[in-house]
Amino acid sequence: MRTSKKLIMCVTLIVLAMCLLCFSASAFAESGSLGDNVTYTYNSGTGEIVISGEGEMWDWKDHSSDYIAPFYDSGIKSVVIEEGVTSIGNDIFYGCGNIISVKIPDSVTRIGIRAFADCEKLTSVKIPDSVTKIGGSAFNGCQRLTSITIPDSVTSIDDYTFKGCQRLTNITIPDSVTSIGNNAFQDCISLTGITIPNSVTNMGIYVFSYCTGLKSITIPDGITEIGGGAFETCVSLESITIPDSVTTIGSYAFWNCDSLTSITIPDRVTYIGYQAFNNCDSLASVTIGNSVTSIDALAFYDCTSLTGITIPNSVTSIGDRAFYGCTSLTGITIPDSVTNIGYSVFKNCTSLTSVTIPNNVTSIGEEAFAYCESLSSVTIPDSVTNIDNWAFWGCSSLADVYYGGTEEEWNSISIGRGDSYLNNATIHFAAHIHSYASSVTPATCTDNGYTTYTCECGDAYSEVIPATGHNYGDDGVCQNCADYNADYDSQNKIDNCSHLCHKSGFMGFIWKIINLFNKLFKTNHVCVCGAEHY
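Residues numbered from 1 in each chain as written. Predicted model: local features only at pLDDT ≥ 70, side-chain atom pairs only at ≥ 80, totals over all residues. Heavy atoms only, no water.

Undergrad: Lay out the overall build of the protein chain in plain terms, naming residues and giving numbers.
TA: Scanning the protein chain from N- to C-terminus turns up six helices and 39 strands. Long-range pairs, those at least 24 residues apart, make up 29% of the contacts in the protein chain between residues at least 6 apart in sequence. Surface accessibility of the protein chain: about 26,000 Å² in total, with carbon and sulfur atoms responsible for 50%. (Helix = DSSP H or I, 4+ residues; strand = E, 2+ residues; numbered from the N terminus. Contact = heavy atoms within 4.5 Å. Areas by Shrake-Rupley, 256 points an atom, 1.4 Å probe, with all protein chains shown as cover.)

Written as structure tokens, this is what we have:
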């Protein structure tokens, strides 16, 4: 008996639900008003609704207190809007899942918010050149929409306008458009390419997120910021060109773009956002521009193909876990501008073999290099005063630590728990670098001099300065020490004597004949300069 009552109750509920569904699908009159001067007629047999009149349609939620749109979940299959109607109101056809076609006349200038949202069977729409405004979410959830033409008269694509148009393969944005709103093309999974004109100067957040078929895109020169999540989970995106105008790459901008192989961040970019390239596991090459000052947390988390990266001197901050899990990273250059190595920054970088901590770093954060199992050497400057817990935990290959200070300074560093691999490594303390002051003992004419170099540690050495030797003048007197050399003086007189006996040429020949007779008669000739001739 009880079983029969339950069965009757279940059947009753099912019938009631079916009645409600039938009611909701046809719970509107076959004619009525949609504006002050706009009316409609509906043919339930064909599923066609014809809208005629002059002026604007009502924006439904502004006109009615009903939460549900006027034709929600109805049997309407085609919409014909006649000339004279100037707008399609907000929410008018929201949730009309059976609409296949829409005809919009040249008199319409505005398509309202959510006007055709969730019209799941709508396949194509031609928007006339008269339309200047397409409201947010106007075609949101039109899953079968394959093509749409946006006229040159439209200046902006608002938030969520084409979100979830899963069969939309291509769309041309006219040069008149200057902004593309948040989530405008999110979840357009069949979109393989899109041309964004240079007229666009602003793109919102998550604008192309989850466009899983998108392979390439060029961002126009006027864009200054790539918004948060702009290309999140564009898993087929292989290349993207970022113009020089961009200064900021927002959080999650390229999160999970696992086909992206390389990226060049231009010189005007100053900030790389939180998780900007997280899980880009095909990303092998990254060039960071010289103006970047901050790499936020998890920016390159799990970029497992990244082999090397140079961080420019402009960077002062690297966020926690920024390079966590970059398992192919073999080397990285960290500039002296960085003052802190944060939490898990290079954790699980299993191919990293060596690292040099910059000279201005004072603290190495918790788990900073944990599980870097190939890390064999690390250079730590004497500026470091703290090495946090587990900083080098799991670094089973760590053999050598090159410390920039003395053993006494090393022992004063606060080293946390779980750093046994660090403590068991060979610590190479910096050798004393001599700084010498010089003193000079001048050389004399006869004695060598010396330059003596002495370090404050007591080490000293000397270099010989050779004796200068005498520098005699014409009078035989040394110009350095006043020593007199008579021989030099006589020789100088001889060298400078003008007597015939010192002449050459014809006069010299005459003197040689005269001197020959002197020799025959053994007569000495003494010159005025003191020289003797026989």
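Picking up where we left off.
Undergrad: Account for the packing of aromatic side chains, with residues named and values stated.
TA: Inspection of the entire model under this criterion finds 21 aromatic pairs. Centre to centre, the rings of Phe116 and Phe139 are 5.6 Å apart; their planes meet at 10 degrees, and the pair counts as stacked. In this pair, Phe116 is assigned in the loop between strand S7 (110-111) and strand S8 (124-126) and Phe139 in the loop between strand S9 (133-134) and strand S10 (147-149), connecting sequence segments 23 residues apart. Each member of the pair Phe116 and Phe139 is classed as buried. With a centroid separation of 5.2 Å and an interplanar angle of 5 degrees, the aromatic rings of Phe277 and Phe300 are classed as stacked. (Phe/Tyr/Trp six-rings, centres within 6.5 Å; stacked < 30°, edge-to-face > 60°. Buried < 20%, exposed > 50% of the residue type's maximum accessible area, 1.4 Å probe, protein only.)

Undergrad: Please give an account of the nonpolar core that cites residues and values.
TA: In this structure, Phe93, Phe139, Phe231, Phe254, Phe277 and Phe369 are the most contacted members of the largest nonpolar core, which totals 129 residues. Of all the elements in the fold, those that place two or more residues in this core are strand S2 (38-43), strand S3 (48-53), strand S4 (78-81), strand S20 (262-265), strand S22 (285-288), strand S30 (377-380) and strand S32 (400-403). With three residues, S2 is the single largest residue contributor to this core. With near-sequence residues (within four places) excluded, Phe139 lies in contact with Ile111, Phe116, Leu122, Val125, Ile127, Ile134, Leu145, Ile148, Thr161, Phe162, Lys163 and Cys165. (Core = buried A, V, L, I, M, F, W, Y, C linked by side-chain atoms within 4.5 Å.)

Undergrad: Provide a residue-level description of the sheet that holds strand S27 (residues 340-341), including the pertinent values.
TA: A sheet is described by the order of its strands in space; here four strands give the open sequence S27-S29-S31-S33, paired in parallel fashion. Each edge of the open sheet is held by one strand with a lone partner, namely S27 and strand S33 (414-415). Sheet topology places strand S31 (residues 386-387) next to S33; two bridges connect them, and they run parallel. Across the sheet, Asn386 pairs through a bridge with Ser414, a residue of S33. (Pairing = 2+ DSSP bridges.)

Undergrad: Account for the pairing of S2, with residues named and values stated.
TA: Burial of S2 is one-sided: the residues Val38, Tyr40 and Tyr42 facing one way are buried, the residues Thr39, Thr41 and Asn43 facing the other way are not. In terms of strand pairing, strand S1 (residues 31-35) meets S2 through four bridges, oriented antiparallel. Looking at S2, one finds that Gly35 is bridged to Val38. Counting the residues that bridge the hairpin from S1 to S2 gives two residues. As defined by bridge partners, S2 adjoins S3 across six bridges and the pair is classed as antiparallel. In the strand pairing of S3, Tyr42 is matched with Ile49.

Undergrad: Please provide a residue-by-residue account of a nonpolar patch on the surface, values included.
TA: A surface patch of nonpolar side chains, about 270 Å² in accessible area, is lined by Tyr371, Trp393 and Tyr421. Overall, Tyr421 belongs to the partly exposed group, its relative accessible area being 31%. (Patch = residues over 30% accessible without salt bridge, like charges linked within 9 Å, V, L, I, M, F, W, Y side chains within 5 Å. Salt bridge = Lys/Arg side-chain N within 4 Å of Asp/Glu carboxyl O.)

Undergrad: Talk me through the confidence of the model for the protein chain; I want residue IDs and the actual numbers.
TA: Averaged over all residues, the pLDDT of the protein chain is 87; the fraction at 70 or higher stands at 84%. Contacts of residues 10-26 to residues separated by more than four positions or lying in other chains number five contacts, the stretch itself having pLDDT below 50. (pLDDT = per-residue confidence, 0-100.)

Undergrad: Lay out the pattern of salt bridges with the relevant residues and their values.
TA: Pairs can form between side chains of opposite charge whenever their charged atoms are close. All told, the structure shown has five salt bridges when counted by the stated rule. For Lys163, the salt bridge identified is with Asp187, shortest N-O distance 3.5 Å. Remark: Asp187 occurs in the loop between strand S13 (179-180) and strand S14 (193-195) and Lys163 occurs in the loop between strand S11 (156-157) and strand S12 (170-172); sequence separation between them is 24 residues. Classification of Asp187 by relative accessible area gives partly exposed; the value is 22%.

Undergrad: Account for the sheet that holds strand S6 (residues 101-103), naming residues and giving values.
TA: One open sheet holds the five strands; their spatial order is S1-S2-S3-S4-S6, and the pairing between them is mixed. Each having just a single partner strand, S1 and S6 make up the two edges of the open sheet. The mean inter-strand angle of the sheet, taken between neighbouring strand axes irrespective of direction, is 20 degrees. (Axes fitted to C-alpha atoms, helices over the stretch in contact; angles between N-to-C directions.)

Undergrad: Any details on unusual backbone geometry? Residues and values, ideally.
TA: Phi is positive for Thr233, which is not a glycine, with a value near 60 degrees. By the secondary structure assignment, Thr233 is in the loop between strand S17 (225-226) and strand S18 (239-241). Phi is positive for Asn256, which is not a glycine, with a value near 65 degrees. Note that Asn256 resides in the loop between strand S19 (248-249) and S20.

Undergrad: Give a description of the environment of Asn198 that names residues and reports values.
TA: Mapped onto the elements, Asn198 comes out in the loop between S14 and strand S15 (202-203). Assessed through its relative accessible area of 57%, Asn198 is described here as exposed. The spacing of Asn198 and Thr218 is 20 residues in sequence and 9.9 Å in space, taken between C-alpha atoms. Not counting the four nearest positions on each side in its chain, Asn198 is found in contact with Pro220 and Asp221.

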